[in-house]
Amino acid sequence: LAESFKITGMLSMRSTFETKDCMAVMARASRFGSAGHSHADQGSFALFYEGTALISPSGYFGYGWGTKHHQEWTCQTKAHNTILVNGEGMPNSSREHTGNIEYCKQNGEIFEALMDLDNAYKTLNGWKRKLTMDAKAKTLIVEDVVSAENSVTLDWALHSLSEPYKEGDKIYVKRNGITLEIEVLEGLVKSNVNFSNEFDTDLNDDVAPENHAVMPPQYHIKWQSETKKEHYIKVKFTILK
């Protein structure tokens, strides 16, 4: 139940084909970059439990494909569960900013995947993202190893369809009776976390009033790292039910 589709740049880890107690992770690292209908989302992942999306990409098509919101938010790195460098995302509509799935494997109830994202940012010397899912413990650990020639600050972004809240140093998201606990273990300033339910570009921006859409809110979580050349980030997700 651990599969990588290197041609398309997608990987999937799923504990069972049944709905009950099913934990699943999907992620993208594509040789096609962000060209065509793709987004600038190398390294982005989504986390599901029993069919419920707990961590997922954000943004809408709006009234239709190609609206201002779609182009300036949904297609951009900031709308996805990945990193930004010095506040900037990966270029959109680029074939050069690519990723690669090194492996995706399973050993019993432990699933592991490694993405090579060295070419996702030209401002970085290297970036590897490792995903480790423990289906028995109901945990996902995301590790980033990032290096740069000059000191950089990383934004570590997450998005959810449910409003997050903070207790101590941990973040929680509740959806469909499922609670997700998010804990920074290394590499991010725990106190430097921001929540928002606003898009930088509104859903109806530059859309005729008669075509305005009303959609459910989406929520955004973002930490910042210290400014340095070498980064190791480790974040743990635990499903509580």
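Here, the structure is the one placed above.
Report follows, based on the coordinates. (Residues numbered from 1 in each chain as written. Predicted model: local features only at pLDDT ≥ 70, side-chain atom pairs only at ≥ 80, totals over all residues. Heavy atoms only, no water.)

1. Considering the overall build of the protein chain
Helices and strands together make up the secondary structure of the protein chain, namely 1 helix and 17 strands. Taken over C-alpha atoms, the radius of gyration comes to 17 Å for the protein chain, in line with the 18 Å a tight globule of 241 residues would show. When its C-alpha atoms are laid out on the principal axes, the protein chain stretches across 55 × 45 × 40 Å. Counting all 241 residues of the protein chain, 50% fall into the buried class. Summarising the internal contacts of the protein chain: among those between residues at least 6 apart in sequence, 64% fall at separations of at least 24. With an accessible surface of roughly 11,300 Å², the protein chain has 47% of that area assigned to carbon and sulfur atoms. Side chains of the protein chain carry 26 positive and 32 negative charges; the gap between the two charge centres is 5 Å. (Helix = DSSP H or I, 4+ residues; strand = E, 2+ residues; numbered from the N terminus. Rg over C-alpha atoms; globule rule 2.2 N^0.38 Å. Buried < 20%, exposed > 50% of the residue type's maximum accessible area, 1.4 Å probe, protein only. Contact = heavy atoms within 4.5 Å. Areas by Shrake-Rupley, 256 points an atom, 1.4 Å probe, with all protein chains shown as cover. Lys, Arg positive; Asp, Glu negative; His and termini not counted. Charge placed at Lys NZ, Arg CZ, Asp CG, Glu CD.)

2. So, the pattern of salt bridges
Opposite charge on two side chains allows them to pair when their charged atoms are near. Summed over the entire model, instances satisfying the criterion amount to 10 salt bridges. Of the charged contacts in the structure, one is a salt bridge between Lys68 and Asp205, with a shortest N-O distance of 3.9 Å. With Lys68 in helix α1 (residues 68-74) and Asp205 in the loop between β15 (193-196) and β16 (219-224), the pair connects residues that are 137 residues apart, well separated along the chain. For Lys68, a relative accessible area of 34% gives the class partly exposed. Exposure remark for Asp205: the relative accessible area of 30% places this residue in the partly exposed category. We note a salt bridge from Lys170 to Glu181, for which the minimum N-O separation is 3.7 Å. Linking Lys170 in strand β13 (residues 170-175) with Glu181 in strand β14 (residues 178-186), this pair joins segments that are 11 residues apart in sequence. If you follow the salt bridges from partner to partner, you end up with Lys105, Glu112 and Lys130 in one network. (Salt bridge = Lys/Arg side-chain N within 4 Å of Asp/Glu carboxyl O.)

3. Focus: the pairing of β14
One ladder, built from 6 bridges, connects β13 with β14; its direction is antiparallel. Residue Val173 lies in a different strand from β14, and its bridge partner there is Leu180. From the end of β13 to the start of β14, which pair antiparallel, there are 2 residues, and Asn176 there has a positive phi angle of about 50°. By the bridge criterion, 7 bridges tie β14 to strand β17 (residues 228-240) in an arrangement that is antiparallel. If you follow Val184 over to β17, its bridge partner there is Val235. (Pairing = 2+ DSSP bridges.)

4. What about the sheet that holds strand β10 (residues 139-152)?
Adjacent strands of a sheet form backbone hydrogen bonds with each other and so pair up, either parallel or antiparallel. Sheet architecture is open: 8 strands sit in the order β7-β8-β9-β10-β17-β14-β13-β12, paired in antiparallel fashion. Looking at which strands have only one partner, the edges of the open sheet turn out to be β7 (100-107) and β12 (165-167). Put simply, the sheet's adjacent strands are angled 20° from each other on average, direction ignored. Pairing geometry for β7 and strand β8 (residues 110-116), over 7 bridges, is antiparallel. Bridge pairing in β8 places Asn107 opposite Ile110. (Axes fitted to C-alpha atoms, helices over the stretch in contact; angles between N-to-C directions.)

5. Considerations on the sheet that holds strand β6 (residues 83-85)
Ordered in space as β6-β11-β16-β15, the 4 strands form an open sheet in which the pairing is antiparallel. Edge positions in the open sheet fall to β6 and β15, since each of these has one partner strand only. Taken over all neighbouring pairs, the strand axes of this sheet differ in orientation by 25° on average, direction set aside.

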